[in-house]
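Inside the fold
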Amino acid sequence: MSLLSILKDLFNSINHMDTTIKTGFKFTQEEVKEIISTSKPENLKYFEVLAKMPNLKSFDISFLLSQTKLDDEKIEIIKKAQELYREEEFNAHGQTCSDFIFRVGANLEYLNMNNIEIFKELVKCKNELYDFKKALQNPMHYINHHEAKVGYAFQTVYVN
């Protein structure tokens, strides 16, 4: 081996080591660049808040920053929604956290702190529906309160 090849290997190793050092930030520089490049300029101020949420991945954050119109109230709704996500509940239905976050993003205009629990139950239903607009605007209409009434299949019962 020549001195030049040894130095190249050394610099490559140092460079690789530098990129693999954990900085405490959960996204790589490439992920951050991609998120920022696809985000709406008015949503960039919420990047740090979303990045600190434990359940959100770079893809989820990129989606929220690029496809929704965020404000402080919506950020609080997203915080609450990602706290409500329990992997064991949703995995039983074949849904991931990203599926849940996409549904949150699709319905963000209609979500509030009062209907977020109802939204969670709607999402847990195994379906391909992403737009819960009608159910979230009037949740009491979609909650059925059935009274248990006893009924018999026969009007007259004969006993021997």
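Our subject is the structure listed above.
Residues numbered from 1 in each chain as written. Predicted model: local features only at pLDDT ≥ 70, side-chain atom pairs only at ≥ 80, totals over all residues. Heavy atoms only, no water.

Re the nonpolar core
Residues Leu50, Ile61, Ile78 and Phe100 are the most contacted members of the largest nonpolar core, which totals 29 residues. Counting residues per element, the ones that place at least two in this core are helix 2 (29-38), helix 3 (47-51), helix 4 (58-67), helix 5 (72-84), helix 7 (97-106) and helix 8 (116-124). Looking at this core, the element that brings in the most residues is helix 5, giving five residues. In contact with leucine 50, not counting residues within four places along its chain, are Leu56, Ile61, Leu64, Leu65, Leu70, Ile75 and Ile78. (Core = buried A, V, L, I, M, F, W, Y, C linked by side-chain atoms within 4.5 Å. Buried < 20%, exposed > 50% of the residue type's maximum accessible area, 1.4 Å probe, protein only. Helix = DSSP H or I, 4+ residues; strand = E, 2+ residues; numbered from the N terminus. Contact = heavy atoms within 4.5 Å.)

Focus: the packing of aromatic side chains
Evaluated as defined, the whole model comprises four aromatic pairs. Residues tyrosine 85 and phenylalanine 100 carry aromatic rings whose centres are separated by 5.8 Å and whose planes lie at 35 degrees to one another, so their mutual orientation is tilted. Taken together, the positions of tyrosine 85 in the loop between helix 5 and helix 6 (87-91) and phenylalanine 100 in helix 7 put the pair 15 residues apart, joining distant regions of the chain. The same class applies to tyrosine 85 as to phenylalanine 100, namely buried. A connected cluster of aromatic rings, assembled from ring pairs, spans Phe59, Phe63 and Phe102. (Phe/Tyr/Trp six-rings, centres within 6.5 Å; stacked < 30°, edge-to-face > 60°.)

Some points on the side chain of lysine 74
With respect to the element layout, lysine 74 can be found in helix 5. Looking at lysine 74, its side chain comes within polar contact range of the main-chain oxygen of lysine 69, at 3.0 Å. With near-sequence residues (within four places) excluded, lysine 74 lies in contact with Lys69, Leu108 and Glu109. (Polar contact = N/O pair within 3.5 Å; in protein donor to acceptor, adjacent residues only side chain to side chain.)

Describing the pattern of salt bridges
Applying the stated criterion across every chain yields a total of four salt bridges. Lysine 52 is paired through a salt bridge with glutamate 48; the nearest N and O atoms lie 3.3 Å apart. Lysine 52 gets classed as exposed once you look at its relative accessible area, which sits at 62%. Take glutamate 48: its relative accessible area is 51%, and that puts it in the exposed class. Between lysine 79 and glutamate 76 there is a salt bridge whose closest N-O contact spans 3.4 Å. Pair noted here: lysine 79 and glutamate 76 are both in helix 5, with a separation of three residues, about one helical turn. (Salt bridge = Lys/Arg side-chain N within 4 Å of Asp/Glu carboxyl O.)

By themselves these figures say nothing about function.
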